[in-house]
Amino acid sequence: MAAYLNTDTAYRDFNMLYHDKYFIDKSAMIEKINERIHTKNRFLCITKPRRFGKTSALNMLGAYYGRAYDTKALFDSLEISRSRHYIEHLNRYHILNISLSSLPENGSAYQDYLSLIKENLKNDILEAYPQLKQKKFRRIPDMLAACGDEFIFFIDEWDYIFSHNLYEENQNDFLEFLRDLLKDQPYAALVYMTGVLPIKKYSTGSALNMFDEYTMLQDSLFEEYFGFTEKEVLNLCKRQEKLTADELAEWYNGYFTNSGSKVYNPRSVVLALINGKCQDYWTATGKMDEVLFFLKYNIGEVRDDVVRMVSGLPVRAEIKKGYAAGQNAPSNRKEIYAAMITCGLLSYYEGELHIPDKELMTEFENALEDNSFGYVAELVRNSEEILDATLHRNADVVAASLHNIHNSEIPILKYNDENSLACVVTLAYLSARNQYRIVREEKSGKGFADFLFYPRRKNLPGIVIELKADSTPEAAIRQIREREYCQKLKQEGAGRIFIAGINYDSINKEHQCKIEEAE
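Conventions adopted
Within any chain, residue numbers begin from 1 and follow the written order of that chain's sequence. It should be noted that, the model being predicted, local features are given only for residues of pLDDT at least 70 and side-chain atom pairs only at 80 or more, the latter also being counted only at that level, while totals for whole chains, interfaces and linings use all residues. Hydrogens and water molecules were not included; the side-chain quantities draw on all heavy atoms of the structure. In this analysis, rings of Phe, Tyr and Trp, with Trp reduced to its six-membered ring, are considered paired at centre separations within 6.5 Å, and the interplanar angle assigns stacked below 30 degrees, edge-to-face beyond 60, and tilted for intermediate values. Under the scheme used here, helices are H or I runs from DSSP no shorter than 4 residues and strands are E runs no shorter than 2 residues, and both carry numbers assigned from the N terminus. Partly exposed describes any residue whose relative accessible area lies between the buried limit of under 20% and the exposed limit of over 50%, with all areas from a 1.4 Å probe on protein chains only and scaled to the type maximum. Any two strands with at least two DSSP-identified bridges between them are counted as paired. A fitted line through C-alpha atoms represents every axis, and for helices the fit uses only the stretch in contact; the resulting angles, taken between N-to-C directions, go from 0 to 180 degrees. In this analysis, two residues are considered to be in contact whenever any of their non-hydrogen atoms come within 4.5 Å of each other. For every residue, the predictor assigns a confidence score, pLDDT, that lies between 0 and 100.

### Looking at the packing of aromatic side chains
Move 1: Scanning the model with the defined rule gives 25 aromatic pairs in all.
Move 2: Each ring, one from Tyr 64 and one from Phe 75, has its centre 5.5 Å from the other, and the planes form 75 degrees; the classification is edge-to-face. One end of the pair, Tyr 64, is in helix H3 (residues 54–65); the other, Phe 75, is in helix H4 (residues 72–75), with eleven residues separating them in the sequence.
Move 3: On the basis of relative accessibility, which here comes to 0%, the residue Phe 75 falls in the buried class.
Move 4: Taking 6.1 Å as the distance between ring centres and 80 degrees as the angle between the ring planes, the aromatic pair formed by Phe 294 and Tyr 323 counts as edge-to-face. On the criterion of sequence distance, the pair formed by Phe 294 in helix H13 (residues 290–295) and Tyr 323 in the loop between strand S9 (315–316) and helix H15 (333–342) is long-range, its members being 29 residues apart.
Move 5: By relative accessible area, Phe 294 is classed as buried at 5%.
Move 6: Looking at Tyr 323, the relative accessible area reads 12%, which means it is buried.

This is the structure we're talking about:
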């Protein structure tokens with residue numbers, strides 16, 4: 001039975017996806033791929049984070065192009081059927097569908113890994129072209145050339161040995177194997193390769209320099225086909241009644257296309273809709289200690305940035321080069337962020353870094369508790385105390401806690417810009433995120449409240465916090481009442497609501513707090 005050549009894998013998997021309740025039609029992508037067939041630009045490498053629909057797209061393409069199965073009934077109802085080239089390429093090609101994540105059962109050396117790939121290719125070719133058994137071939141490219149047919153190559157998880165740090169001394173040899181198999185070969189009508197890590201371009205003479213690459217940093221052509229757009233999520237919400245688009249947005253919406261459109265993590269959205277509950281799905285599918293793994297390379301330089309991003313503030317950074325397969329460990333701030341963007345741990349748009357969504361916010365919050373973050377870790381671990389003090393309306397404890405945080409060793413918390421007090425408050429109430437949905441500068445009543453705490457449980461009160469500088473906490477309380485900042489919490493069903501005014505006196509270097517219950 002064939003391992004790679006004209007198998008039923010793509011057809012079977014796309015057929016299941018097509019009949020899924022939450023299927024989204026991404027087939028318009030095929031029209032753009034059709035334009036590349038039989039051209040110099042027929043080599044495509046699309047790299048996206050885990051669970052962003054890479055394999056689903058690959059299976060869609062395999063089901064469309066593969067000649068082993070008639071899939072016209074599947075595609076006739078999809079967007080691609082409107083293309084004038086729809087029939088021209090439908091089910092016309094021999095497909096070599098190769099996943100490079102398969103490891104040999106016996107043997108752990110690089111040669112065992114490479115031999116598995118080569119043996120599967122040779123066996124498939126000889127099974128499909130028995131006339132070649134009488135000939136001797138030293139190279140697989142020679143065998144493929146002797147077939148007399150064209151092939152479309154789909155290579156999934158091309159970067160597996162790089163992302164899993166396997167066979168490090170042989171990785172360049174592996175790139176040469178792929179180059180020899182694919183580059184300038186007339187039997188390759190199209191090569192579509194996908195993974196997490198982009199190809200490292202050592203020079204213009206690099207082994208795989210024939211590929212056009214589309215990454216999280218640079219992709220204005222295919223980006224809309226990986227992840228769900230806001231419009232697509234709205235349509236998905238109509239297929240069920242448990243979750244709203246706002247709930248899904250809070251948890252899974254935080255990436256951007258080059259044009260500025262927001263993109264949702266697709267796998268997490270689907271699982272949330274199936275289960276009727278928003279929670280960590282994507283982060284549970286892999287080693288999400290990646291956040292701390294990357295940050296530890298340069299804790300001192302990135303620490304303040306992480307505090308800002310956890311506070312909901314963007315961080316400016318000009319990131320032009322991505323993190324690529326085979327690249328050395330990141331050694332500076334920009335390289336760390338490039339790696340995290342590539343892996344989907346940060347979103348990046350117009351020179352600003354953000355933590356994409358609530359799923360990943362949780363991982364960054366957990367990272368801040370690691371001892372390598374020094375005093376920040378201690379503050380986070382003690383942050384439950386300030387929430388408890390707030391709920392007991394103990395304003396003196398709240399003021400003292402904020403004072404201690406402000407006097408910490410963290411430069412960003414020295415109130416050197418207008419957002420620093422907000423950062424202090426965010427850090428102080430970090431553990432409250434488990435019990436509250438915390439929103440900064442939320443429109444409510446006749447203005448924008450600095451902080452609204454939406455309770456996740458009915459027995460908890462809502463909380464409104466207003467910040468002042470060189471004023472009084474009473475003035476902050478008065479502003480909350482006059483501008484009706486509690487209105488949004490009341491609309492969301494909060495029963496009791498506590499309102500807190502916090503003031504920082506820059507002359508006496510003191511924090512003051514007053515907490516009351518709203519009427």
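### Examining the pairing of strand S15 (residues 497–505)
Move 1: Of all nine residues making up S15, nine are buried, and the element is well covered by its neighbours.
Move 2: The alternating pattern of S15 places Ile 497, Ile 499, Gly 501, Asn 503 and Asp 505 and Phe 498, Ala 500, Ile 502 and Tyr 504 on opposite faces, both of which are buried.
Move 3: As paired strands, S15 and strand S16 (residues 510–517) are joined by eight bridges and run antiparallel to one another. What sits directly across from Asn 503, in S16, is Gln 512.
Move 4: Once S15 ends, the chain turns through four residues before running back antiparallel as S16, passing Lys 509 with a positive phi of about 55 degrees.

### What to know about the sheet that holds strand S10 (residues 347–349)
Move 1: The strand order across the open sheet formed by three strands is S9-S11-S10, and the pairing between neighbours is antiparallel. Single-partner strands in this sheet number two, and they are S9 and S10.

### Topic: the sheet that holds strand S3 (residues 151–156)
Move 1: Read from one edge of the open sheet, five strands run S2-S3-S4-S1-S5, paired in parallel fashion. Edge positions in the sheet fall to strand S2 (94–99) and strand S5 (212–214), since each has one partner strand and no second. On average, adjacent strands in this sheet sit at an angle of 15 degrees to one another, irrespective of strand direction.
Move 2: The pairing of strand S1 (residues 43–47) with strand S4 (residues 188–195) spans five bridges and is classified as parallel. Note on S4: the bridge partner recorded for Phe 43 is Val 191.
Move 3: Packed onto the sheet, helix H9 (residues 171–182) meets S1, S3 and S4 and runs at close to 160 degrees relative to S3.

### Concerning the confidence of the model for the protein
Move 1: Looking at the protein, the pLDDT average stands at 90 and 96% of residues meet or exceed 70.
Move 2: For the protein, per-element mean pLDDT is lowest for helix H17 (residues 375–381), which scores 78, and highest for S3, which scores 98.

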